[in-house]
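Read off the chains here:
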Amino acid sequence: MKSIITAAGFGAASLALTAMFPAAAFAADSLEALQANSSNWTMQTGDYTGQHYSKLSQINTGNVKNLKAAWSFSTGLLHGHEGAPLIIGDMMYINTPFPNNTFALNLAEPEKIVWQHKPKQDASVKSVACCDIVNRGLAYDDGRIFKTQLDGHMVALDAKTGKELWKMENCDPAVGSTITQAPFAVKGKVLVGCSGAELGVRGYVTAYDQKTGEIIWRSFATGPDNELNLSKDFNKDNPHYGQFGLGTKTWEGEAWKIGGGTNWGWYAYDPKLNLFYYGSGNPAPWNETMRPGDNKWTMTIWARDVDTGAAKWGYQKTPHDEWDFAGVNQMILTDQPVDGKVTPLLTHVDRNGIMYTLNRNTGSIVQAAKVDPAVNVFKKVDLKTGLPVRDPEFSTRMDHKGTNICPSAMGFHNQGLDAYDPDSRTFFFGLNHICMDWEPFMLPYRAGQFFVGATLAMYPGPNGPTKKEMGQVRAMDGVTGAVKWTKWEKFSVWGGTLATKGGLVFYNTLDGKIKALDKTNGKELWNFKMPSGAIGAPMSYSYKGKQFVATNYGVGGWPGVGLVFDLTDPSAGLGAVGAFKELQNYTQMGGGVMVFGL
Amino acid sequence: MSKGHKLMVLSALLAAVVSAMAMADDLIFRGTISGEMLDFSGLSEVETPAVKQFKQTGVNPYNSNAEIIHHGESLFSTACSGCHGHLAEGKLGPALSDDYWTYPKNMTDKGLFETIFGGAEGMMGPQRGRLTQDEMLQIMSWVRSIYTGDPDKAKWITN
């Protein structure tokens, strides 16, 4: 059965209806069972906790120096390859940037493609993607592969044959709404958002029935409470975060309708609390003078019931954003002692340079620490009120060019997936170290066109050893905020990190190296230069008792969009990608998968 | 085949011939990357006199129209500034106000139109269907008006 149904127009009117049909009780979750077997790599975040951690230890600090390329696969496409392949049993599933081709390989015979899915999409959607034409990967559950297309479609494929089972239009590219996000499969549903806050798209998250593609619920980031889908006791543990009516009151007039807040980042899920977590993105336009108010609930960490989508709590990290600190980054769930008591925690490194650790049951703040002292937009976060304390010197406003603002709009952390090592209770954050100048300008809103209104220049932050470094891997304690070690990189560590039971931290560099560090001190133990720079994180799996590390390569994404410039163009090196001009001397576009083994 | 059906086929053929004749005087426009002829069929817009004139001459009649140039700037701010910058100074995409062109044919208005309508590498997707052809000409007129490069390289200036 193949059904193509337009769902982009699905409104809040249906929410009341869906609430009357509670989701059926599901038997033993097959995806959870697959996750428990560390031979597999079942989802982009590693597992539901988002810890991006592998329990495999065959490759370890003692033998990693012998790690060698085992095989490779070219996707035949250039542009940024974010995300990572999935491993389900003896199959590997690979996804690509636009036009979003998918390949299935059997690990017994990876030289042969088992099936391929190549959707046809209108190329004009490329011009409404904000920052390259990336895709953050696939999801799997119960015999189905779930994929997203840049043209706004959510698609289910038969994992055995690649046959299209259903296809829904989730985001409307006519108004500038696209999908770059990886879908998230949970409890018979598949969750997905949209991109497009740069074009004034109003954000929402939607749950589809895995079997039929029918919408189960949809919850917005801005607007009236019923469309926000707030529970009756929303934020009851922290009423000072704000509760009801704020999705409209914190905007001028009806600006919330074109106010952004799209979510295109990562989800995490706690089966005990039945809550899932994600962040809504930046308000639109970037020019803050054009949208007075707190602009709720953009820039918010959300905890929602997975069956109904109803929000239990929401915490807005950056009220009235002035810098494009889209709040969509990864949510990592851990259980750690706080004041002697094991507490359910959520840790999130925001674009704004703050590492937030919250109680994921109540939303209460446990810690809010700068990931680097260079953060200057905020002096600190007041843990009592939850509000950031701004430094007006680094605010942005009309008729003013702000300089030396840290972080830059790219954030000190962006879409990378970071790892947590439960043994040492340590996070390994792949960070940007980039600051900026920012000058706003006024522009009208036109549906389907960019709604930004700011001119930016970016350059390395102040704290690297030679002052030229733009990236770092930093080991941190999520509860105390203490930094354990730092490894500086010439370019952003855009893709994030993978931690393994073997005591290793793997990550990719923009200039094309995959590296392994000793988790205890950050010492580099191994590296390999790949055909092109990489902007996703590595993952690990085992096949027939042998551990492998695999990764996508293919430079691009926001830091790599400048690679389409000619080096001889005098304007290459200006603006938002200027900091990465030198990247062209290290790597060129490419795209594929590399697999490493002992 | 019924008589009615035959008539329909005949009139469809006639329409095709007539439209081919109407385009006979038009220049051939080609995709910047593919080199293939651009397809202008199926657009939901009525070609304005300026578009018709441009298709035949490759000369943008808006280049000297101050009012249109002003409106072109507003269109540029939403359709293009996100990548090319507020004043076309270059951002995620290259500057358009200097005399360096990623695709040298953009030095002519025909070439620039082909790049905008049919798209290029990277994030420069085709604007076909997103902007009307008339809006593309309006935006081009503003881009030409802020040119800072060598006048000798401004090949679109025809007189």
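Here the structure is a predicted model, which means the values were calculated and not measured.

*Asks:* Help me out: how do you make sense of the overall build of chain A in this one?
*Replies:* When you go through chain A residue by residue, the secondary structure sums to five helices and 39 strands. Across its three principal axes, chain A shows a C-alpha extent of roughly 60 × 60 × 55 Å. Looking at chain A as a whole, 68% of its 598 residues are labelled buried. Counted over contacts in chain A with a minimum sequence separation of 6, partners at least 24 positions apart contribute 63%. Within the structure as shown, chain A displays about 19000 Å² of accessible surface, and the carbon and sulfur contribution to it stands at 54%. Considering chain A, the positive charge centre built from 56 side chains and the negative charge centre built from 55 side chains are found 4 Å apart.

*Asks:* It is not clear to me how the sheet that holds strand E2 (residues 53-54) of chain A should be interpreted in this structure. Could you clarify?
*Replies:* Residues and elements named next belong to chain A. Overall, mixed pairing links the five strands, which are arranged E2-E33-E34-E35-E36 in an open sheet. Pairing within the sheet leaves two strands with one partner each, and these edge strands are E2 and strand E36 (524-529). Pairing of strand E34 (residues 504-508) with strand E35 (residues 513-518), which is carried by five bridges, proceeds in the antiparallel orientation. Within the sheet, the bridge partner assigned to Asn508 lies in E35 and is Ile514.

*Asks:* Quick question: what am I supposed to make of the interface of chain A and chain B here?
*Replies:* Many authors give the size of an interface as the accessible area that is lost as the parts come together. Chain A puts 35 residues into the contact, and the matching count from chain B is 27 residues. Interface area for chain A against chain B, summed over the two sides, is near 2600 Å², with a carbon-plus-sulfur share of 56%. Inspection of the region where chain A meets chain B yields zero salt bridges. On the surface where chain A and chain B come into contact, there are nine residue pairs in polar contact (both at pLDDT 80 or more). Here the side of chain A that touches chain B is built from residues that sort into 21 nonpolar, nine polar and five charged.

*Asks:* Looking at this structure, I do not really get the pairing of strand E39 (residues 592-597) of chain A. What am I missing?
*Replies:* Remember that side chains alternate between the two faces of the sheet whenever the strand is regular. Residue and element names in this part refer to chain A. Among the six residues in E39, six count as buried, and that is most of the element. Covered by surrounding structure in E39 are Gly592, Met594 and Phe596 together with Val593, Val595 and Gly597, the residues of both alternating faces. Two strands pair when backbone bridges link them, and strand E3 (residues 68-74) and E39 are joined in this way by six bridges, in the antiparallel orientation. What sits directly across from Phe73, in E39, is Val593. For strand E38 (residues 546-553) and E39, the ladder comprises six bridges, and the chain directions are antiparallel. Bridging across to E39, Tyr553 finds its partner in Gly592.

Conventions adopted
Residues numbered from 1 in each chain as written. Chains lettered and ligands numbered in written order. Predicted model: local features only at pLDDT ≥ 70, side-chain atom pairs only at ≥ 80, totals over all residues. Heavy atoms only, no water. Helix = DSSP H or I, 4+ residues; strand = E, 2+ residues; numbered from the N terminus. Buried < 20%, exposed > 50% of the residue type's maximum accessible area, 1.4 Å probe, protein only. Contact = heavy atoms within 4.5 Å. Areas by Shrake-Rupley, 256 points an atom, 1.4 Å probe, with all protein chains shown as cover. Lys, Arg positive; Asp, Glu negative; His and termini not counted. Charge placed at Lys NZ, Arg CZ, Asp CG, Glu CD. Pairing = 2+ DSSP bridges. Buried area = accessible area lost by both parts, 1.4 Å probe. Salt bridge = Lys/Arg side-chain N within 4 Å of Asp/Glu carboxyl O. Polar contact = N/O pair within 3.5 Å; in protein donor to acceptor, adjacent residues only side chain to side chain. Nonpolar A, V, L, I, M, F, W, Y, C, P; charged D, E, K, R; others polar.

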